[in-house]
Amino acid sequence: MPEYGVPRYRVPDYRVPEHAVPEHAAPDQRAADSRGTDYDILVIGSGPGGQKAAIAAAKLGRRVAIVDRREMIGGVCINTGTIPSKTLREAVLYLTGLAHREVYGQSYRLKDEITVSDLSARTQHVISREIDVIRSQLARNRVHVLTGTASFVDPHTVSITNGAQETCRVRAEKIIIATGTRPARPDSVDFDGRTVVDSDQILALDRLPSSMVVVGAGVIGIEYASMFAALGTKVTVVERRDRMLEFCDLEIVEALKYHLRDLAVTFRFRESVVAVERHGGATLTLLESGKKIPADTVMYSAGRQGVTEALNLGNAGLTADSRGRISVGPDFRTAVDHIYAVGDVIGFPALAATSMEQGRLAAYAACGEKVHGIRAELMPIGIYTIPEISYVGSTEDELTEQAVPFEVGIARYRELARGAILGDSYGMLKLLVSPDDGRLLGVHVFGTGATELVHIGQAVMGCGGTVDYLVDTVFNYPTLAESYKVAALDAMNKMRAVARLRG
């Protein structure tokens, strides 16, 4: 038994089902069952969407296999994306003492000299543990793990090639594609993994840069910008648009920008990079405006590209767009009736949480089970910057554009006892409330525990609750959850003031 009591099930690296046939074998050598297939459901990709699809289908009694490379069990989420970056964030907060400086003073720091090994040790431990958990879950549910790279031979047949270049073919009645994405790389940029990196390579740096240019102010770019700024790296963010995180509430984004500037982050909006020069072990980033920015490292965060090149989609009757994404219908069915696609490879919202639900729903649809679609308005967004942001529902700008009336209720952490205890004076919770019936139209949180706290508002919205519920509810004290009552009372008092004026 490894740490935390997680059983270490041994799943062979390359398991060929008894009905699988080598590439060189003649077709009549196949010993398929009466249905002519090796599996009822074959899932390509073992990330969040693929895992949940495979396990859901297995629990419905189907013969299931999942295909992925040995080094990528768990997908990008476990190996280079969500889990490593969020573990890195927690290590940064802990080692720098950043979260406790308002309590113990601005000079408080747990470790003076933080190294890459300090940060990577915890990250590798968590990755290893999560891979063990995934393997054990697949084994317990009797999901066959086929290790290798998959490509379509025809709409029902997939060829799998492992690291030793051994190849087999398997046939499946239904196929679910969950291959995920990789960082998009502009052709004009020469990535070397040391001075010019993408969001996967940045986790493998051999030293902490003293200065960094982050190209792109999307979620990934701003998350890493905040982490390295907290470590003391001088960060410059270059973004061709007018603002960062343009899908988020403007007031929340402005609060984050203020905090990042306090960490010495420089923002260059409405700017484009024309070239990155390497000079020895450093870089010089040239902007279209003529500005030149020297830095140890440049990180490109230029979006994501669907991992579909090796699939030979044409053999299955499918195509992908220029970003490698596959189009699907409401039940995640592709243009080919028995093939489904889920997760980042189908595009927005490209979140681990939504990918899991898409995988489960696609498996249900493939197995003929009744499916309830995802309610987009109840889908939470979590951004793990320092401090973090999370929201569910509409923003002020969206409601204004739609001519939907709303009232705003705000609670600031500095006014909460729990906020004072934590030393978080900048956090806030914001409710957007319908003045007509009191429904919650949006919940926006910035600060400590934002990605956890948002789920209270999500549950109220999902159950059709109103602001009255939050006003009348008793929350534990002292907690950050109390912010819901404070914000609800703020919105309620504003609505009452309007009602009084109107008689």
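Look a little higher up for the structure.
Residues numbered from 1 in each chain as written. Predicted model: local features only at pLDDT ≥ 70, side-chain atom pairs only at ≥ 80, totals over all residues. Heavy atoms only, no water.

K.L.:
Describe the overall build of the protein chain, naming the residues involved and giving the relevant values.
P.N.:
A tally of regular secondary structure across the protein chain gives 13 helices and 23 strands. Whereas a compact globule of 503 residues would reach a radius of gyration of roughly 23 Å, the protein chain reaches 25 Å, a difference of no more than 12%. Evaluated residue by residue, the protein chain yields a buried proportion of 50% over its 503 residues. Sequence separation of at least 24 residues holds for 62% of the intrachain contacts in the protein chain that already meet a minimum separation of 6. Only carbon and sulfur atoms are counted for the fraction: they give 49% of the accessible area of the protein chain, which is about 23100 Å². (Helix = DSSP H or I, 4+ residues; strand = E, 2+ residues; numbered from the N terminus. Rg over C-alpha atoms; globule rule 2.2 N^0.38 Å. Buried < 20%, exposed > 50% of the residue type's maximum accessible area, 1.4 Å probe, protein only. Contact = heavy atoms within 4.5 Å. Areas by Shrake-Rupley, 256 points an atom, 1.4 Å probe, with all protein chains shown as cover.)

K.L.:
Quick rundown of the environment of Tyr 39? Include the residues and the values.
P.N.:
Checked against the element boundaries, Tyr 39 lands in strand S2 (residues 39-44). Residue class for Tyr 39 comes out buried when judged on its relative accessible area of 3%. It is 5.7 Å that separates the C-alpha atoms of Tyr 39 and Val 64, two residues lying 25 residues apart in sequence. A polar side-chain atom of Tyr 39 sits 2.9 Å from a polar atom in the side chain of His 144. (Polar contact = N/O pair within 3.5 Å; in protein donor to acceptor, adjacent residues only side chain to side chain.)

K.L.:
Give me the nonpolar core: which residues, what numbers.
P.N.:
In this structure, Leu 42, Phe 152, Val 158, Ile 176 and Ile 177 are the most contacted members of the largest nonpolar core, which totals 54 residues. Counting 48 residues, the second-largest nonpolar core is a separate cluster that includes Ile 202, Met 244, Tyr 391 and Ile 410. (Core = buried A, V, L, I, M, F, W, Y, C linked by side-chain atoms within 4.5 Å.)

K.L.:
Requested: an account of the layout of surface pockets, with residues and values cited.
P.N.:
Of the voids in this model, the second largest pocket is the one considered here, and its volume is about 700 Å³. Forming the boundary of the second largest pocket are 27 residues, of which Leu 98, Ala 99, His 259, Pro 387 and Tyr 426 lie nearest the centre. Elements that contribute at least two residues to the lining of the second largest pocket include exactly helix H3 (82-96), helix H4 (101-104) and helix H7 (250-262). A breakdown of the residues in the lining of the second largest pocket according to their chemical character gives 12 nonpolar, eight polar and seven charged. (1 Å grid on protein atoms, 1.4 Å probe; cavity = no way out; pocket = protein on both sides within 12 Å on 5 of 7 lines; lining within 4 Å. Points joined across faces, edges and corners; volume = space filled by probe spheres on them. Nonpolar A, V, L, I, M, F, W, Y, C, P; charged D, E, K, R; others polar.)

K.L.:
Give a description of the sheet that holds strand S13 (residues 273-279) that names residues and reports values.
P.N.:
The sheet built from three strands is open, its strands ordered S13-S14-S15 with antiparallel pairing. A single partner strand is all that each edge strand has here, and the edge strands are S13 and strand S15 (292-295). For this sheet the average axis-to-axis angle between neighbouring strands, irrespective of direction, equals 20 degrees. By the bridge criterion, four bridges tie strand S14 (residues 282-287) to S15 in an arrangement that is antiparallel. Residue Thr 283 lies in a different strand from S15, and its bridge partner there is Ala 295. (Pairing = 2+ DSSP bridges. Axes fitted to C-alpha atoms, helices over the stretch in contact; angles between N-to-C directions.)

K.L.:
Outline the pairing of S15, listing residues and values.
P.N.:
The alternating pattern of S15 places Ile 293 and Ala 295 on a buried face and Lys 292 and Pro 294 on a face that is not buried. Between S14 and S15, which follow one another and run antiparallel, lie four residues, and Gly 290 among them has a positive phi close to 100 degrees.

K.L.:
I'd like a rundown of the pattern of salt bridges, residues and numbers included.
P.N.:
Using the criterion set out here, one finds 28 salt bridges in the structure. The residue Glu 130 makes a salt bridge to Arg 129 at a minimum N-O spacing of 3.0 Å. Judged by relative accessible area, Glu 130 falls into the partly exposed class, the value being 21%. Between Glu 377 and Arg 375 there is a salt bridge whose closest N-O contact spans 2.9 Å. (Salt bridge = Lys/Arg side-chain N within 4 Å of Asp/Glu carboxyl O.)

K.L.:
Residue-level account of the environment of Ala 91, with values.
P.N.:
Summarising the element assignment, Ala 91 is placed in helix H3. Distance from Ala 91 to Arg 122, taken between C-alpha atoms, is 7.4 Å for residues 31 residues apart in sequence.

K.L.:
Describe helix H13 (residues 482-501), naming the residues involved and giving the relevant values.
P.N.:
Across its 20 residues, H13 extends 29 Å between first and last C-alpha, which sits within 8% of the 28 Å expected from 1.5 Å per residue. For H13, every residue scored as buried is listed here: Glu 482, Ser 483, Tyr 484, Ala 487, Ala 488, Ala 491, Met 492 and Met 495. Buried residues along H13 sit against strand S21 (407-412), strand S22 (428-433), strand S23 (440-446), helix H11 (450-462) and helix H12 (467-472). (Expected span 1.5 Å × (residues − 1).)

K.L.:
Please give an account of unusual backbone geometry that cites residues and values.
P.N.:
Here the amide bond leading from Ile 386 into Pro 387 is cis, since omega sits at 0 degrees, within 30 degrees of zero. Within the fold, Pro 387 resides in the loop between strand S19 (381-383) and strand S20 (389-393). Residue Tyr 477 is joined to Pro 478 through a cis peptide bond whose omega torsion reads 0 degrees. Its location among the elements puts Pro 478 in the loop between H12 and H13. Residue Asn 312 is not a glycine yet carries a positive backbone phi of 50 degrees. Note that Asn 312 resides in the loop between strand S17 (304-306) and strand S18 (339-341). Here the phi dihedral of Ala 350 falls at roughly 55 degrees; this positive angle occurs in a residue that is not glycine. In this fold, Ala 350 is placed in the loop between S18 and helix H8 (352-366). With a relative accessible area of 36%, Ala 350 lands in the partly exposed category.

K.L.:
Provide a residue-level description of the sheet that holds S21, including the pertinent values.
P.N.:
One open sheet holds the five strands; their spatial order is S19-S20-S23-S22-S21, and the pairing between them is antiparallel. Of all the strands in the sheet, the pair left with one neighbour each is S19 and S21. Strand-to-strand twist in this sheet, taken as the mean axis angle between neighbours without regard to direction, amounts to 10 degrees. Against the sheet, H7 contacts S20, S21, S22 and S23, and its axis sits at roughly 0 degrees relative to S23. Here H11 sits on the sheet and contacts S19, S20, S22 and S23; the angle it forms with S23, its principal contact strand, is near 170 degrees.

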